[in-house]
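Chain by chain, the residues run as shown.
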Amino acid sequence: MIIALFYPLLYMIWGSFRRWSPSQQIGETEFVGLRNYISLWNDPNFAESMGVTLKFAVSVVTIEMLLGVGLALLLDRNIRGMSVLRTLFILPMMIAPVVVGLMWRYMYHPTIGTFNRFLDTIGVERVDWLGQNALMSVIIADIWQWTPFIFILSLAALQSLPQSALEASRIDGATGWQQIWHIKIPLMMPVLIVTCLLRLIDAFKVLEVILVMTEGGPGLSTEILALRISRTATEFRELGVAAAMSNYLLILLMLLTAAMFTYTKLQEVRANRLRMAVEADD
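What you see is a predicted model; the values in this text were computed from it and never measured. (Residues numbered from 1 in each chain as written. Predicted model: local features only at pLDDT ≥ 70, side-chain atom pairs only at ≥ 80, totals over all residues. Heavy atoms only, no water.)

Student: Can you break down unusual backbone geometry residue by residue, with the values?
Tutor: Trans is the common state for peptide bonds, and a negative phi is the common state for residues other than glycine. Here G217 and P218 are connected by a cis peptide whose omega angle stands at -5°. Along the polypeptide, P218 turns up in the loop between α10 (208-213) and α11 (225-234). Even without glycine at this site, E215 takes up a positive phi of about 55°. Topologically, E215 is positioned in the loop between α10 and α11. Look at E215 and you get partly exposed, because its relative accessible area is 48%. (Helix = DSSP H or I, 4+ residues; strand = E, 2+ residues; numbered from the N terminus. Buried < 20%, exposed > 50% of the residue type's maximum accessible area, 1.4 Å probe, protein only.)

Structure, rendered in structure tokens:
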């Protein structure tokens, strides 16, 4: 743990307080205190990248949670060929992110892309997918790839629900929608919160798909914070500033994690009370 986790973390934190270029050993760098952190507060490009990151992460996680849980509820039944459908649904997340970025970039191509050729066949004007609509296009690609992640975890949570609770609700005359809203979703909530947290953390760090599809453009419209950190370190050769950006992102994710774990504990208490109430009715 010390070698694999804490040493690199402390190394990054220490580097964020120094003026550091890739050609220097860290011992040769100049200590600048909080200058790297303070400079980011006055950097409009950093603020814009943070805003793009928040818009991207909130959008993809919200839509993926809705679609993933909805698909799990839809496919949680015994139908012929259901195992094949479940396998097909999880294929997108098995594809390498670079391949996903290339595939969607070609489909979004303004002249030979699949989407614009389809629009031509139905007589609709072509769309500048990776221009004015670049952020929306990247969001669609991410939703396609990672909704299966939400789906497979939601389906596992559904299949682990106590059948006694569902049977008791049927006996009491609950409809399918009432079971979903008052039994299934509350009992699934601890798993859903952890799933949402994992996906949210990953959404803040996504890099390859956006790098391949848009390279952060046009302008800074799709330059999320992970991409800006990479450019600051490699193109601008400012490792100290890049480390400071990484620490800002780390602090944000730690706050989100703490808040969601606190909420998870509260939901677990609620779910346990619900189970106890159902068992008492039995």
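Still more to cover.
Student: Help me get a handle on the packing of aromatic side chains, residues and values and all.
Tutor: Overall, the coordinates contain 15 aromatic pairs when judged by the stated rule. Ring centres 5.9 Å apart and planes at 35° place the aromatic pair W104 and F115 in the tilted group. In this pair, W104 is assigned in helix α5 (residues 97-107) and F115 in helix α6 (residues 114-121), connecting sequence segments 11 residues apart. An aromatic cluster is defined as three or more aromatic residues linked by ring pairs; in this entry it consists of F17, Y37, W41, F46 and Y248. (Phe/Tyr/Trp six-rings, centres within 6.5 Å; stacked < 30°, edge-to-face > 60°.)

Student: If you had to explain the pattern of salt bridges to someone new, which residues and values would you point to?
Tutor: For the structure shown, the criterion picks out 9 salt bridges. Linking E30 and R19 is a salt bridge whose minimum nitrogen-to-oxygen distance equals 3.0 Å. Linking E30 in strand β2 (residues 30-31) with R19 in strand β1 (residues 18-19), this pair joins segments that are 11 residues apart in sequence. The partly exposed category is assigned to R19, whose relative accessible area is 46%. Measuring nitrogen to oxygen at the nearest pair gives 2.6 Å for the salt bridge that ties D142 to R199. In this pair, D142 is assigned in helix α7 (residues 134-159) and R199 in helix α9 (residues 176-205), connecting sequence segments 57 residues apart. Each of D43, E223, R228, R231 and E235 takes part in a single network of salt bridges with overlapping partners. (Salt bridge = Lys/Arg side-chain N within 4 Å of Asp/Glu carboxyl O.)

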